[in-house]
Amino acid sequence: MNVTQRLKAFGAFWYDFIVGDDWHVAALIVIGLALTAAATHVAKVNSWWLLPIVAFAALAWSLHRATSSK
Amino acid sequence: MNALPLILTVFVACAVEAVEALTIILAAGITREWRSTFQGTVVALVALAVITAAIGPAISYLPLTGLRLVVGALLAIFGLQWLRKAVLRATGYKSLHDEASAYLREVAAAESATKESRRGVNDWYAFTLAFKGVLLEGLEVVFIVITFGANQKNVGAAVIGAAAAIVVVTITGIAVKAPLTKVPENWMKFAVGVMLTSFGTFWGAEGAGVKWPGNDGALLAGVPVVAAFAALCILWLRSRKTAAAAPAKQPEVVA
């Protein structure tokens, strides 16, 4: 195993460890947090409800994608 | 906040990882050689101790707001992935993670591998199998202990939960000398997914600047809400599967 293969394997391990089976879920959570921070700090809205809604939507959408073709 | 929810969450999450590590250790030890398996296990535990000693104190110096934002995001992502898998398994869209079949797969692979001595280890295959299994599952335990402990400013309680889980699983494994097939692993993963999603969403939003109504009480209220939503997802997918399996209604033929 050369250095490039080792680096690829290392990257693949951490991608799988953190992101998992569906990268859309990770992307939606990051977007949800960014929107929450923007709403709180820029628009001065205490948007505590935003991230749970995004999390539920991410789970439902990911499940729909995983099962719609089966 | 009371330390009990923290201890219980860490206990269940770490018990799931410990069961998976135990399966790999048993497969390596029974089919190959116990001495090399124990060597691999001990080296992995030492590596985990070094990682914990390096990361643990460093993380306590990070600002709590930034820590909660990053850790909350990671926990919410982990939790939703666990919930996704648990829901898919509960509805039959994904096969159940069966410790018995996982054990048989590891045993078959271990039996077909050739024996090779390396670096003072009698059976290199048994050593690396145990080392990788314990290190990978252990990394998840370390992550859970450090993040939960640091965020709740109670690393001691998190360590108690993790240590209790490892002790219980190890003693049970020694007693039955077989993979813990009776453990309802999918429902444990469902519960862990609920807890990780709830804690992750709570800390992540707090790190983004949100003030939760009821402060820490919002976390306790959030857990049943997440569990109820995931349960609804199971019902939704089951009804969807039943509808897909039902034969299409024949059009009425008028004579």
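Predicted model only: the values in this text are computed from it and were never measured.

J.: Just checking my understanding: could you explain the overall build of chain A for this structure?
T.: Tallying secondary structure elements over chain A gives three helices and zero strands in all. Reading the helices (α) and strands (β) of chain A from amino to carboxyl end gives α-α-α. Taken over the C-alpha trace, chain A has a radius of gyration of 17 Å; the compact-globule value for 70 residues is 11 Å, which it surpasses by more than 25%. Looking at chain A residue by residue over its 70 residues, the buried ones come to 27%.

J.: Would you take a moment to explain the overall build of chain B for this structure?
T.: The helix and strand inventory of chain B stands at eight helices and zero strands. Scanning chain B from its N terminus toward the C terminus, one meets helices and strands in the order α-α-α-α-α-α-α-α. Within chain B, the fraction of its 255 residues that count as buried is 44%. If you take every contact in chain B between residues at least 6 apart in sequence, the share linking residues at least 24 apart comes to 85%.

J.: Whenever I open this one, the nonpolar core confuses me. Can you help?
T.: Inside soluble globular proteins, nonpolar side chains tend to come together where they are buried. A:Ile29, B:Val10, B:Cys14, B:Ile77, B:Leu83, B:Val87 and B:Ala130 are the most contacted members of the largest nonpolar core, which totals 83 residues. Contributing elements (two or more residues each) for this core: α2 (23–41) and α3 (50–67) of chain A together with α1 (3–31), α3 (64–90), α5 (124–151), α6 (155–176), α7 (185–207) and α8 (217–245) of chain B. The element contributing the most residues to this core is α1(B), with 16 residues. Contact partners of A:Ile29, with chain neighbours within four places excluded, come to A:Val54, A:Ala55, A:Ala58, B:Ala73, B:Ala76 and B:Ile77.

J.: When you look at α2(A) in this model, what are you seeing that I'm missing?
T.: In an α-helix, one turn spans 3.6 residues, which is why side chains three or four residues apart end up on the same side. Across its 19 residues, α2(A) extends 27 Å between first and last C-alpha, which sits within 8% of the 27 Å expected from 1.5 Å per residue. Regarding α2(A), the residues found buried are A:Val25, A:Ala26, A:Leu28, A:Ile29, A:Gly32, A:Leu33 and A:Thr36. Down the axis of α2(A), the smallest arc covering the buried residues is 165°, so these residues share one side. Those residues of α2(A) that are exposed and angled more than 90 degrees off the buried face are A:Ile31, A:Ala34 and A:His41. Tucked into the core, α2(A) has its buried residues touching α3 of chain A together with α3 and α7 of chain B.

J.: Mind showing me how you'd approach the interface of chain B and chain A here?
T.: Often the size quoted for an interface is simply the accessible area lost on bringing the parts together. Contact with chain B, which involves 26 residues of that partner, is made by 28 residues of chain A. Elements that contribute at least two residues to the side of chain B that touches chain A include exactly α3, α7 and α8 of chain B. The residue inventory of the side of chain B that touches chain A, partitioned by class, reads 18 nonpolar, five polar and three charged.

J.: I keep staring at unusual backbone geometry and nothing clicks. Help me out?
T.: Both trends apply: most residues other than glycine have a negative phi, and most peptide bonds are in trans. All names here are of chain A. Despite not being glycine, lysine 44 shows a phi value in the positive range, around 55°. Here lysine 44 is to be found in the loop between α2 and α3. For lysine 44, a count of 9 C-beta atoms within 10 Å corresponds to the exposed category.

J.: What am I meant to see in α8(B) here?
T.: Over its 29 residues, α8(B) extends 43 Å from the first C-alpha to the last, a length consistent with the 42 Å expected when each residue adds 1.5 Å. Buried within α8(B) we find B:Ala218, B:Leu219, B:Val226, B:Ala230, B:Cys233 and B:Leu237. In this fold, the buried residues of α8(B) make contact with α3 of chain A together with α3 and α7 of chain B.

J.: Help me understand the packing of α5(B) against α6(B), please; the structure alone is not making it clear to me.
T.: All names here are of chain B. Packing of α5 against α6 leaves a shortest axis separation of 7 Å and a crossing angle of 150°. The angle between α5 and α6 places the two elements in the roughly antiparallel class. For the pair α5 and α6, the crossing hand works out as right-handed. Only Val155, Ala158, Val159 and Ala162 of α6 make contact with α5, whose side of the interface consists of Val141, Val145, Phe148, Gly149 and Ala150.

J.: Sorry if this is basic, but what is going on with the confidence of the model for chain B here?
T.: Close inspection of predicted coordinates is inappropriate in any region flagged by low pLDDT. The predicted model of chain B has a mean per-residue pLDDT of 81, with 88% of residues at 70 or higher. Interface confidence for the predicted complex, expressed as ipTM, amounts to 0.89; the pTM equals 0.71.

J.: In this structure, what is going on with the packing of α3(A) against α7(B)? I would like to understand it.
T.: Helix-helix packing is characterised by the crossing angle of the two axes and by the distance between the axes. It is the contact of α3(A) with α7(B), at a shortest axis distance of 9 Å, that shows an interaxial angle of 140°. Here α3(A) lies oblique to α7(B), going by the angle between them. Here α3(A) runs over α7(B); the crossing is right-handed. Only B:Thr197, B:Thr201, B:Gly204 and B:Ala205 of α7(B) make contact with α3(A), whose side of the interface consists of A:Leu51, A:Pro52 and A:Ala55. Its residues assigned to classes, the contact of α3(A) with α7(B) comprises four nonpolar, three polar and no charged.

J.: When you look at the environment of A:Ser62 in this model, what are you seeing that I'm missing?
T.: As for its placement among the helices and strands, A:Ser62 is situated in helix α3. According to the C-beta neighbour criterion, A:Ser62 is buried, with 24 such atoms within 10 Å. Along the primary structure A:Ser62 and A:Gln5 are separated by 57 residues, whereas in three dimensions their C-alpha atoms are 31 Å apart. Excluding anything up to four places from it in sequence, A:Ser62 contacts A:Asp22, A:His24, A:Val25 and B:Arg84.

Rules behind the numbers
Residues numbered from 1 in each chain as written. Chains lettered and ligands numbered in written order. Predicted model: local features only at pLDDT ≥ 70, side-chain atom pairs only at ≥ 80, totals over all residues. Helix = DSSP H or I, 4+ residues; strand = E, 2+ residues; numbered from the N terminus. Rg over C-alpha atoms; globule rule 2.2 N^0.38 Å. Buried ≥ 20, exposed ≤ 12 C-beta atoms within 10 Å, placed from the backbone. Contact = placed C-beta atoms within 7 Å. Core = buried A, V, L, I, M, F, W, Y, C linked by C-beta atoms within 7 Å. Expected span 1.5 Å × (residues − 1). Arc of directions from axis to C-beta. Nonpolar A, V, L, I, M, F, W, Y, C, P; charged D, E, K, R; others polar. Axes fitted to C-alpha atoms, helices over the stretch in contact; angles between N-to-C directions. Parallel < 35°, antiparallel > 145°, perpendicular 65-115°, else oblique. Left-handed = near helix turned anticlockwise from the far one by under 90°. pLDDT = per-residue confidence, 0-100.

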